[in-house]
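Results of the structural survey
If you want the building blocks of each chain, they are given just below.
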Amino acid sequence: MMKTILRRASPFLIVIVFLALAAILMSTKEAPEQKPDAAPVPIIDVTSVQQRNMSLSLSSYGVVNPKYKTQLVTEVQGRMLSIADTFVAGGIVHKGEQLAQIEPSDYQADLIQAQASLAQAQAALNEEKARGEVAKIEFKGYDKGLPPELGLRIPQLKKEQANVKYAEAALARAQRNLDRTVIRAPFDGIIKARNIDLGQYVTLGTNLGELYGTSIAEIRLPLANDELAYLESVDNPNTQVTLSASLAGENVSWEGRVVRSEGVIDADNRMVYLVAEVQDPYLRSAKAPGQLPLKFGSFVSAEIEGRSLEAIVALPRHIVRNEHVAVVSDKNIIEMRHVNVVHTDLELAYIKGSLADGERVSLTNLNNMADGQLVKVVGEDKTSDQDPLDEPAAPTLMAAGDK
């Protein structure tokens with residue numbers, strides 16, 4: 001009976017023993033050592049700054065237009081007799097080149113009539129001169145004072161002289177109208193458009209086409225009013241400008257000069273416009289191998305040479321935030337320093353009087369960067385078997401436009 005009771009109670013006894021042992025172990029366990037979480041140290045890249053003397057460049061843009069352009073209009077009327085092969089859109093023409101001709105027969109007849117009228121007037125004048133000589137002889141013995149002008153035929157002579165001048169003017173007009181039947185290019189240029197066809201009747205003032213002069217190209221370049229302070233002269237901004245555009249898949253540049261300022265602020269965009277000129281944009285005088293013409297209508301970017309500044313540091317624009325940069329000390333401690341930004345362009349910010357030669361500036365932009373923050377600099381951690389001379393040097397930013 002006792003054995004049966006022990007056999008049935010043994011599982012319960014085993015469970016009770018294990019629970020007692022577990023309680024003893026739990027009461028004697030040691031608490032784990034509490035260690036503070038180590039804050040991660042950010043790794044950054046730096047650059048050593050160097051002050052330089054440089055010329056600032058002002059960025060702008062514009063459309064290429066001809067300095068000289070004209071509407072070709074008729075000064076006489078008639079039917080178009082001929083049109084030159086070069087008188088088409090895109091045709092290159094030279095000064096004085098014949099572009100078209102109006103039927104000249106009527107004007108040739110007018111010229112012949114004017115020549116005949118002049119001959120008649122000259123004959124009448126010669127005849128009157130002869131009559132005047134005869135009159136002088138007849139009044140040679142006149143003893144009643146001065147002979148009358150009418151008797152000496154002086155008024156008649158002046159009348160015939162006036163008739164000759166009138167006939168000469170009519171001849172000149174007829175000759176000029178005949179010459180105007182030939183339409184000629186007033187300067188070297190390119191035909192922008194032609195508005196007439198062969199056989200068409202044109203009247204006085206008919207628009208025949210448009211001609212663009214190819215000697216000089218003009219580009220209006222807008223600048224913000226405060227950017228004018230970076231020019232050598234605001235009133236006479238005679239400075240170099242580099243124009244660039246993408247042509248035939250290549251980035252091509254041309255050199256020009258800013259010749260004047262328009263002198264007013266545009267009411268729509270509050271910009272001041274400078275005017276740049278490029279000589280011989282179509283390379284008609286000389287063309288270097290591989291050089292491409294600057295065509296009218298092209299949209300170009302412009303870099304205008306500004307005035308020279310001393311002790312300037314140029315940094316990538318993205319690392320200058322709210323006129324502050326992260327300066328890294330020798331102990332790799334961050335200092336958020338306010339800097340004097342005198343100018344910015346698409347890529348760089350130009351700083352004056354805020355950074356010394358050799359100071360390190362972070363190229364890595366961290367959102368939580370603050371004063372006193374400890375950082376690691378790329379390339380400063382070395383293994384024991386690494387030669388210190390193999391340590392990569394911090395990149396040095398080369399300022400654009402160094403002189």
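Residues numbered from 1 in each chain as written. Predicted model: local features only at pLDDT ≥ 70, side-chain atom pairs only at ≥ 80, totals over all residues. Heavy atoms only, no water.

1. So, the overall build of the protein chain
Per the secondary structure count, the protein chain includes three helices and 22 strands. The burial tally for the protein chain puts 33% of its 403 residues in the buried class. By element, 54% of the accessible surface of the protein chain is carried by carbon and sulfur atoms, the whole surface being about 25200 Å². (Helix = DSSP H or I, 4+ residues; strand = E, 2+ residues; numbered from the N terminus. Buried < 20%, exposed > 50% of the residue type's maximum accessible area, 1.4 Å probe, protein only. Areas by Shrake-Rupley, 256 points an atom, 1.4 Å probe, with all protein chains shown as cover.)

2. Quick look at the packing of aromatic side chains
Evaluated as defined, the whole model comprises three aromatic pairs. An aromatic cluster is built from Tyr212, Tyr282 and Phe296, whose rings are joined through pairwise contacts. Stacked on the ring of Tyr273, the Lys or Arg Arg220 has its end atom at 4.0 Å from the ring centre. (Phe/Tyr/Trp six-rings, centres within 6.5 Å; stacked < 30°, edge-to-face > 60°. Lys NZ or Arg CZ within 6 Å of the ring centre and 35° of its normal.)

3. Structural notes on the sheet that holds strand E4 (residues 69-73)
Read across the open sheet, the four strands follow the order E4-E11-E9-E6; overall the sheet is antiparallel. Edge positions in the sheet fall to E4 and strand E6 (92-93), since each of these pairs with one other strand and no more. The sheet contact formed by strand E9 (residues 189-194) and strand E11 (residues 207-213) spans five bridges and is antiparallel. Bridge pairing in E11 links Ile190 to Tyr212. (Pairing = 2+ DSSP bridges.)

4. Some words on the pairing of strand E14 (residues 250-265)
Bridge analysis of strand E13 (residues 239-247) against E14 gives nine bridges, and the strand direction is antiparallel. Along E14, the bridge assignment pairs Ser244 with Ser253. Where E13 folds back on E14, the antiparallel hairpin that results is connected by two residues, among which Ala248 adopts a positive phi of roughly 55°. In terms of strand pairing, E14 meets strand E15 (residues 271-279) through five bridges, oriented antiparallel. Looking at E15, one finds that Ser261 is bridged to Leu274. Between E14 and E15, which follow one another and run antiparallel, lie five residues, and Arg270 among them has a positive phi close to 60°.

5. Thoughts on the layout of surface pockets
By volume, the second largest pocket is sized at about 150 Å³. Forming the walls of the second largest pocket are Gln71, Leu72, Val73, Thr74, Glu75, Asp179, Arg180, Val182, Ile183 and Arg184. (1 Å grid on protein atoms, 1.4 Å probe; cavity = no way out; pocket = protein on both sides within 12 Å on 5 of 7 lines; lining within 4 Å. Points joined across faces, edges and corners; volume = space filled by probe spheres on them.)

6. Observations concerning the sheet that holds strand E8 (residues 182-184)
Two strands in a sheet stick together by hydrogen bonds in their backbones, pointing the same way (parallel) or opposite ways (antiparallel). Sheet architecture is open: four strands sit in the order E8-E7-E5-E10, paired in antiparallel fashion. Single-partner strands in this sheet number two, and they are E8 and strand E10 (201-202). Sheet topology places strand E5 (residues 78-83) next to E10; two bridges connect them, and they run antiparallel. Paired with Gly78 across the bridge in E10 is Val202.

7. With respect to the pattern of salt bridges
Enumeration according to the criterion identifies nine salt bridges in this entry. Here Asp197 and Arg194 are joined by a salt bridge, their closest N and O atoms 3.2 Å apart. Taking the relative accessible area as the measure of exposure, Arg194 reaches 30% and is therefore partly exposed. Among the salt bridges present, the one from Arg337 reaches Glu335, with a minimum N-O distance of 3.0 Å. Taken together, the shared-partner salt bridges connect Glu127, Glu128 and Arg131 into one network. (Salt bridge = Lys/Arg side-chain N within 4 Å of Asp/Glu carboxyl O.)

8. Examining the pairing of strand E16 (residues 299-316)
Where strand E3 (residues 52-66) lies against E16, 10 bridges are found, and the strand directions are antiparallel. From the neighbouring strand, Tyr61 faces E16, where its bridge partner is Ser301. Bridge count for E13 against E16 is four bridges, and the pairing is antiparallel. The residue bridging Val241 from the neighbouring strand is Ile304, located in E16. Pairing geometry for E16 and strand E20 (residues 348-352), over five bridges, is antiparallel. From the neighbouring strand, Val313 faces E20, where its bridge partner is Ile351.

9. What to know about the confidence of the model for the protein chain
Parts of the prediction with low pLDDT should not have their coordinates interpreted in detail. The predicted model of the protein chain averages 84 in pLDDT, with 86% of residues at 70 or higher. Residue range residues 382-403 is modelled with pLDDT below 50. Its contacts to residues more than four positions away, or to other chains, number 36 contacts. (pLDDT = per-residue confidence, 0-100. Contact = heavy atoms within 4.5 Å.)

10. Quick word on helix H3 (residues 154-179)
Look at H3: 38 Å from first C-alpha to last across 26 residues, which is about the 38 Å you get at 1.5 Å a residue. Among the residues of H3, Gln156, Glu160, Val164, Ala167, Ala174 and Leu178 are the ones counted as buried. (Expected span 1.5 Å × (residues − 1).)

11. Things to note about the nonpolar core
The biggest cluster of nonpolar side chains holds 35 residues, and the ones touching the most others in it are Val241, Leu243, Val300, Ile304 and Tyr350. The set of elements that each furnish at least two residues to this core consists of E3, strand E12 (216-224), E13, E14, E15, E16 and E20. Here the element with the most residues in this core is E16; it accounts for six residues. Residues Leu72, Tyr107, Leu178 and Leu208 belong to the second largest nonpolar core, which totals 21 residues. (Core = buried A, V, L, I, M, F, W, Y, C linked by side-chain atoms within 4.5 Å.)

12. So, the environment of Lys192
By the element assignment, Lys192 lies in strand E9. In this structure, the C-alpha to C-alpha distance between Lys192 and Ile92, residues 100 residues apart in sequence, is 9.8 Å. Beyond its immediate chain neighbours, meaning those up to four positions away, Lys192 contacts Ala89, Glu210 and Tyr212.

13. Quick word on the environment of Met369
By the element assignment, Met369 lies in the loop between strand E21 (360-362) and strand E22 (376-377). We classify Met369 as buried; its relative accessible area is 13%. It is 7.9 Å that separates the C-alpha atoms of Met369 and Ala326, two residues lying 43 residues apart in sequence. The residues contacting Met369, other than those within four sequence positions of it, are Ile44, Ala326, Ile334, Met336, Ser362 and Thr364.

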